[in-house]
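Each chain, written out:
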Amino acid sequence: MKSSGNRTATESNVCKSSYKHDTAFEYAQAEKKATWYLGRIKALAQEPNTLKRLHVDFNDFWKEQSKGAFISNQRRRKLMQSVEGGEIGTWNFLQKLNARKELDSYLTKTISYLYLRDLGMDLSQSAARQKVESTVSSIIKKVEKSQSANTSSDEKDEIFLQPWIAKKQYQPAYYWLMLRLSALKHQLDDQLENQDGLRKLVKVVAGIMMHHFVVRPTSQSTKQAKQESPEDIMTIVQLGYAYGLTYPFVDDLLDADSFLSDADKTVFTECLRQTLSTGKVADYPHFENDSKHLSFVYEELKWAFEFIQETLPEKQKRAFFLRASVFFESQSIDRERALDKANDYSLNDLLISVILKSSSSRLISRDLVTDVKDHNFDYRTFCFGIYNQFNDDIKDIDEDIAANNVTPYTWFLTVRKSNQNVENPYSYYWAVLYFLVYEVYKDNTYIKYLFFERTVNAHKSVLQSRGLNGYKRLRVDLLHTTNKAFDEAFTQHVIEDKQDVWFDKLVSKEVSHWMQTRREQSASFKSAYSAIKDEINTQLHINPQSRFHHGKLHEVANYAVGAGGKRIRGVIATTLGRDLYGFDKPQREAVNQLLEYMHSASLIFDDLPSQDNASMRRGVPSTHTQFKSVAKAELGAVFLMMKAIEVQSSIDCHPPKAVLASI
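To keep things clear, this report deals only with the structure shown in the data block. Just so it is clear, the structure is predicted and the values come from calculations on it, not from any experiment.

This brings us to the nonpolar core. Counting 90 residues, the largest nonpolar core has Phe58, Trp411, Trp430, Phe451 and Phe490 as the members making the most contacts within it. A per-element tally of this core places helix 21 (residues 426-440) first, with 13 residues. Leaving out residues up to four positions away in the same chain, Phe451 has contacts with Leu116, Phe384, Tyr387, Leu433, Leu436, Val437 and Tyr441. Of all hydrophobic cores here, the second largest spans 55 residues; its members include Leu181, Val204, Ile233 and Leu276.

To continue, consider helix 23 (residues 484-496). Side chains that are three or four residues apart share a direction in an α-helix, a result of its 3.6 residues per turn. In a regular helix each residue adds 1.5 Å, so 13 residues correspond to 18 Å; helix 23 covers 18 Å between its end C-alpha atoms and thus fits that length. Every buried residue belonging to helix 23 is among Phe486, Asp487, Ala489, Phe490, Thr491 and Val494, and all of these are buried. With a side-chain oxygen lying 3.3 Å from the backbone nitrogen of Ala485, the N-terminal cap of helix 23 falls on Asn483.

This paragraph deals with the packing of aromatic side chains. Inspection of every chain in the model, using the stated rule, returns 45 aromatic pairs. For the pair Phe58 and Trp430, a centre-to-centre distance of 5.9 Å together with 80° between the ring planes defines the contact as edge-to-face. Of this pair, Phe58 sits in helix 3 (residues 48-67) while Trp430 is found in helix 21, placing the two residues 372 residues apart along the sequence. Look at Trp430 and you get buried, because its relative accessible area is 1%. Residues Tyr170 and Phe213 carry aromatic rings whose centres are separated by 6.4 Å and whose planes lie at 40° to one another, so their mutual orientation is tilted. Placement of Tyr170 in the loop between helix 9 (162-166) and helix 10 (171-188) and of Phe213 in helix 11 (residues 197-214) is noted, with a sequence separation of 43 residues between them. If you follow Arg337 out to its NZ or CZ, it ends over the ring of Tyr345, 5.7 Å from the centre.

Another point: the environment of Thr246. Note that Thr246 resides in helix 13 (residues 230-255). Accessibility expressed as a relative area gives 17% for Thr246, which makes it buried. Counting along the chain gives 82 residues from Thr246 to Phe328, while the straight-line C-alpha distance between them is 9.2 Å. Leave out the neighbours within four places in its chain, and Thr246 touches Leu301, Ala304, Phe305 and Phe320. A distance of 2.8 Å separates the side chain of Thr246 from the backbone oxygen of Tyr243, its partner in a polar contact.

Right, let's talk about the packing of helix 11 against helix 13 for a bit. Helices that pack against each other are described as a pair by the angle of their axes relative to one another and the distance between those axes. The geometry of helix 11 relative to helix 13 is characterised by a closest axis approach of 8 Å and an angle of 140° between their N-to-C directions. Put simply, helix 11 runs oblique to helix 13. Crossing geometry of helix 11 relative to helix 13 is assigned as right-handed. Contacts between helix 11 and helix 13 pair Gly197, Leu198, Lys200, Leu201, Val204, Val205, Ile208, Met209, His212 and Phe213 from the former with Ile233, Ile236, Val237, Gly240, Tyr241, Tyr243, Gly244, Leu245, Tyr247, Pro248, Phe249 and Asp252 from the latter. Residues belonging to the contact of helix 11 with helix 13 are distributed by class as follows: 16 nonpolar, four polar and two charged.

Rules used in this analysis
- Residues numbered from 1 in each chain as written.
- Predicted model: local features only at pLDDT ≥ 70, side-chain atom pairs only at ≥ 80, totals over all residues.
- Heavy atoms only, no water.
- Core = buried A, V, L, I, M, F, W, Y, C linked by side-chain atoms within 4.5 Å.
- Buried < 20%, exposed > 50% of the residue type's maximum accessible area, 1.4 Å probe, protein only.
- Helix = DSSP H or I, 4+ residues; strand = E, 2+ residues; numbered from the N terminus.
- Contact = heavy atoms within 4.5 Å.
- Expected span 1.5 Å × (residues − 1).
- Polar contact = N/O pair within 3.5 Å; in protein donor to acceptor, adjacent residues only side chain to side chain.
- Phe/Tyr/Trp six-rings, centres within 6.5 Å; stacked < 30°, edge-to-face > 60°.
- Lys NZ or Arg CZ within 6 Å of the ring centre and 35° of its normal.
- Axes fitted to C-alpha atoms, helices over the stretch in contact; angles between N-to-C directions.
- Parallel < 35°, antiparallel > 145°, perpendicular 65-115°, else oblique.
- Left-handed = near helix turned anticlockwise from the far one by under 90°.
- Nonpolar A, V, L, I, M, F, W, Y, C, P; charged D, E, K, R; others polar.

Here's what the structure looks like:
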């Protein structure tokens with residue numbers, strides 16, 4: 001991992017002073033490429049032979065599928081349905097495939113597509129296939145090791161986290177990421193309707209790590225990769241997290257209705273635009289509805305941009321900010337469009353935006369891990385993006401319509417109501433597939449069949465979510481071409497074949513499950529903690545002492561104890577006593593009293609002018625400040641200490657030897 005940390009101060013200042021990003025030129029260049037690509041796709045969409053050739057090759061693909069030569073057999077499909085239905089977990093699914101000698105073929109297919117899509121690999125090259133084989137072999141070994149070791153169900157549920165937890169060099173980065181995600185969740189969980197942001201952020205981190213470990217220049221050997229230090233791994237994870245903040249998390253914030261007002265969204269957008277166009281973090285802007293949440297987001301983003309600035313060499317840094325600005329502008333243009341103004345937009349404009357935003361994110365990922373230029377990678381990735389976006393947009397049609405989002409598909413369904421002759425963007429979907437299969441990947445059969453299966457699978461997802469009648473209606477309204485024979489054959493196979501569960505979907509499912517589990521655990525913990533605190537608070541009040549005829553020490557003591565606090569000692573003691581030792585409430589009460597009395601006494605002493613000289617404690621005036629007397633505070637603290645000893649020595653619900661030992 002290259003770093004700018006070794007630069008001299010002079011060199012660094014020179015770099016900063018001369019560091020200007022011509023974002024307008026970069027966007028114009030990207031738009032020029034997108035216009036060329038769109039022109040090529042448009043020509044294919046209008047060419048009748050495009051669908052004819054696809055139809056012939058799809059027929060060959062379906063014949064191979066029926067033989068079980070490429071796609072999983074019926075028995076495996078039933079198993080996959082069990083995973084989708086939640087009947088069995090991911091780990092058990094992989095183990096069952098392994099027992100049936102089907103895991104290798106399943107993983108080879110699904111990992112191949114993952115590397116094709118997310119890492120821009122050309123699977124017609126032997127080096128790329130070797131990387132796939134190596135990854136598949138590694139996963140199979142983990143599955144077999146788990147089977148032989150009788151891994152517990154909890155460990156199986158965390159299949160994808162095990163490498164992080166098991167290897168020492170990964171642990172610092174893993175715990176750093178968990179703490180960072182926890183802070184985000186704590187600040188923004190109640191602010192966003194869409195709880196998908198953290199999952200997307202984790203996927204971005206995983207993508208950056210995949211680029212780093214799998215697609216680095218070949219001069220870096222596998223042996224060298226295994227010897228990477230915890231610092232190297234930490235840097236990669238932090239880069240992934242930093243990029244994830246600037247990309248999917250910002251999207252979620254700007255798309256949320258409750259987090260930012262329209263005016264503040266404009267302010268926030270301009271702040272980000274200025275940062276990307278200059279490479280320097282913009283000052284905290286003035287928001288109409290400012291809040292601690294906005295301040296937190298700004299500080300996190302500030303850290304993210306500055307970390308990227310400080311970590312990457314100049315060449316990579318420049319590439320990141322330029323590509324990120326293109327991505328940001330295309331997203332901004334897209335976000336400003338509304339479905340109720342669909343007639344104001346042309347299909348050409350919509351598709352240019354789709355091409356730009358769908359290709360940029362994966363191009364940026366590579367920029368973060370290497371400055372080695374690979375024009376073939378750039379070309380494949382640029383061309384691939386829109387295919388993936390088209391598939392996602394098919395599955396999300398209903399959600400996009402409900403959210404007033406403009407995609408080529410929702411635009412068509414809206415504009416067609418007033419213009420029956422409007423061009424159907426679905427024809428471009430098949431043109432993109434044709435271009436990828438025959439021009440980008442040169443009609444490689446294995447790659448072609450990967451695309452074909454994924455295409456069928458995307459439509460199966462629509463069928464699954466809408467039901468048969470809903471899917472057939474959508475075929476009539478949108479998902480049809482000018483080749484009726486092809487449409488009928490394709491629809492038949494989508495309806496008749498069972499849906500496959502791909503490995504990347506399993507990973508996404510596991511991440512979602514993991515986050516949901518922790519969300520539930522967090523809610524359960526907070527509820528239990530609050531209940532124990534309430535129980536402890538009812539046990540601490542000290543009544544007036546009859547032997548103190550004129551004194552008010554109990555008032556001082558009750559003020560100090562009643563100021564609240566986290567009650568961590570009492571909560572731990574209560575939980576251990578109840579769950580580990582079976583203590584009943586009276587047994588727990590005495591322990592809580594002596595702990596909290598003694599602790600509160602120590603805090604009174606800490607706050608005195610001779611110690612910390614603190615005027616506030618737990619959000620209220622400290623004891624000596626409240627009673628305007630150091631002497632009263634000191635006597636109150638001594639009284640609490642004696643009260644703790646009194647309670648402790650009076651315990652009769654525990655064995656006397658245990659009480660004496662505790663004293």
